[in-house]
Amino acid sequence: MQAVGFYLIYPILWIISRLPFPIVYVLSDFFYFITYYIIGYRKEIIKNNLRIAFPNKDEKEITRLAKKSTQHFCDIFIEMIKSMGMSKMSMKKRFLCKNPETVNAFAKAKRPLIVMFGHQASYEWTMVLDEVLDYKVYAIYKPLKNKRWNTLIVNIRKKFNSELVAMKEATAAMKESAEKEAALFALVADQSPMAGRAQYFTNFFNVPSAVFKGGERIAREHQTAVVFLRVTKVKRGYYETEFVNITTNGAETKDWQITDTFFQLLEEQIIKQPEYYLWSHKRWKSTLENTKHAVELSPRVQQ
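Remember, predicted model here, so these are calculated numbers, not experimental data.

(A) Representation of the sheet that holds strand S4 (residues 163–166) in the model. Spatial strand order, S1-S9-S8-S2-S5-S3-S4: 7 strands in an open sheet with mixed pairing. The sheet terminates laterally at strand S1 (95–97) and S4, the two strands that pair on one side only. Pairs of neighbouring strands in the sheet enclose a mean axial angle of 30°, with direction left out of account. Of the strand pairs in this sheet, strand S3 (residues 136–141) and S4 are connected by 4 bridges, and their pairing is parallel. Across the sheet, Ile140 pairs through a bridge with Val165, a residue of S4. Helix H10 (residues 257–272) contacts strand S2 (113–117), strand S8 (225–235) and strand S9 (238–247) of the sheet and is inclined by roughly 10° relative to S8.

(B) Examining the packing of helix H9 (residues 214–222) against H10 more closely. Contact pair H9 / H10: the axes reach a minimum separation of 8 Å and the direction vectors enclose 135°. Regarding the angle of H9 to H10, the classification is oblique. In terms of crossing hand, the pair formed by H9 and H10 is right-handed. In contact with Glu216, Ala219 and Arg220 of H9, H10 contributes Gln257, Ile258 and Thr259. In terms of residue class, the contact of H9 with H10 is built from 2 nonpolar, 2 polar and 2 charged.

(C) Inspection of a nonpolar patch on the surface at higher detail. Taken together, the side chains of Phe33, Tyr37, Ile38, Ile39 and Tyr41 define a hydrophobic patch exposed on the protein surface, amounting to about 530 Å² of accessible area. Checked against the element boundaries, Tyr41 lands in the loop between helix H2 (21–39) and helix H3 (43–53).

(D) Representation of the environment of Pro143. Examined against the element boundaries, Pro143 turns out to sit in the loop between S3 and helix H7 (147–157). Spatially, the C-alpha atom of Pro143 lies 25 Å from that of Thr241, the residues being 98 residues apart in sequence. Once you skip the residues sitting within four places of it in the chain, Pro143 turns out to touch Asn150 and Ala166.

(E) Just the sheet that holds strand S6 (residues 200–204), in detail. In spatial order, the strands read S7-S6-S10; together these 3 strands make up an open sheet with mixed pairing. In this open sheet, the two edge strands, each paired with only one partner strand, are strand S7 (207–211) and strand S10 (296–297). As judged from the 2 bridges shared by S6 and S10, these two strands associate in the parallel manner. Bridging across to S10, Phe201 finds its partner in Leu297. Of the strands in this sheet, S6 and S7 touch H10, which is tilted by about 35° from S6.

(F) Representation of the nonpolar core in the model. Counting 42 residues, the largest nonpolar core has Val103, Leu113, Val115, Tyr135, Leu184 and Phe243 as its most contacted members. The dominant element in this core, judged by the number of residues it contributes, is S8, at 4 residues. Setting aside its immediate chain neighbours within four residues, Leu113 contacts Val103, Phe106, Tyr135, Ala183, Leu184, Phe185, Thr224, Ala225, Val226 and Val227. The next biggest cluster of nonpolar side chains, apart from the first, holds 41 residues, and it includes Tyr32, Ile140, Val244 and Leu266.

(G) Structural context of the pattern of salt bridges. For the coordinates displayed, the defined rule picks out 12 salt bridges. Notably, a salt bridge pairs Arg51 with Glu59, separated by 2.9 Å at the nearest N-O pair. The exposure class assigned to Glu59 is partly exposed, which follows from its relative accessible area of 41%. One salt bridge in this structure joins Lys213 and Glu296, with 2.9 Å as the shortest N-O distance. With Lys213 in the loop between S7 and H9 and Glu296 in strand S10, this pair connects stretches of sequence that are 83 residues apart. On the basis of relative accessibility, which here comes to 29%, the residue Glu296 falls in the partly exposed class.

(H) Representation of the pairing of S2. With 5 of its 5 residues buried, S2 lies for the most part within the structure. Residues of S2 alternate between two faces, with Leu113, Val115 and Phe117 on one and Ile114 and Met116 on the opposite face, all of them buried. Sheet analysis places S2 next to strand S5 (residues 183–188), joined by 5 bridges and oriented parallel. Bridged to Leu113 within S5 is Leu184.

About the cut-offs
Residues numbered from 1 in each chain as written. Predicted model: local features only at pLDDT ≥ 70, side-chain atom pairs only at ≥ 80, totals over all residues. Heavy atoms only, no water. Pairing = 2+ DSSP bridges. Helix = DSSP H or I, 4+ residues; strand = E, 2+ residues; numbered from the N terminus. Axes fitted to C-alpha atoms, helices over the stretch in contact; angles between N-to-C directions. Contact = heavy atoms within 4.5 Å. Parallel < 35°, antiparallel > 145°, perpendicular 65-115°, else oblique. Left-handed = near helix turned anticlockwise from the far one by under 90°. Nonpolar A, V, L, I, M, F, W, Y, C, P; charged D, E, K, R; others polar. Patch = residues over 30% accessible without salt bridge, like charges linked within 9 Å, V, L, I, M, F, W, Y side chains within 5 Å. Areas by Shrake-Rupley, 256 points an atom, 1.4 Å probe, with all protein chains shown as cover. Salt bridge = Lys/Arg side-chain N within 4 Å of Asp/Glu carboxyl O. Core = buried A, V, L, I, M, F, W, Y, C linked by side-chain atoms within 4.5 Å. Buried < 20%, exposed > 50% of the residue type's maximum accessible area, 1.4 Å probe, protein only.

Below is the structure:
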């Protein structure tokens, strides 16, 4: 049945990917209406996350942000489909990088690099940055259970010659690449562990929040530089990115320094454009109260 569903839906996605952007965004508006007003997709989760992050905002503003966030979510989905049929020139025009020289300086010095970013603005179109960076790029991702859809997503994200590496294989891939070339590993680093399974907590919007420390662990073990990728939505279908240095050598950082700096930078970015963050995932599903085993707390939580 999964195969039948895939082969029925794929031609529709292919057609959408070849449509002009104005029509694509009309489709996105239609999906938004169905998603928010008919299905009510994760509406209460989105609103509750916004209430936690912005306790001083009234319900009218919370509702406005929830609507805008859902509309942006539909835009991201349709833009991912559209990228199947986009040229390099078109995507580079719509996803600009303000300072590629920041990263290319590390490439020139043959330094391995980790780029950390969050589910803010556009995280799907980051693949076009491969065109302006002097690195072999490896994107760390979590594979889908459905193999056909996973292959489609992988092929979309590999469009600009980056390699995709499953999260559990990231350390081995970095060790292997270090023997051949200095590589860049891109990591969406604001994922949240399953409820009750969290090991690490830092403060995110002044709330103890479960996080992964994989990026920091790899950076410290392999002495890599680390940068944060700030993505700003300029207008519908147009984004600007900027690299922000976190450290030139992970081995020289203190415990939690990389992870805490990342979340601090991400929080500052979200505050500027809260409607463009992925609030639909359960950011605070793991709490100190429902995690019964021993945990490690960031200095930001202990303060």
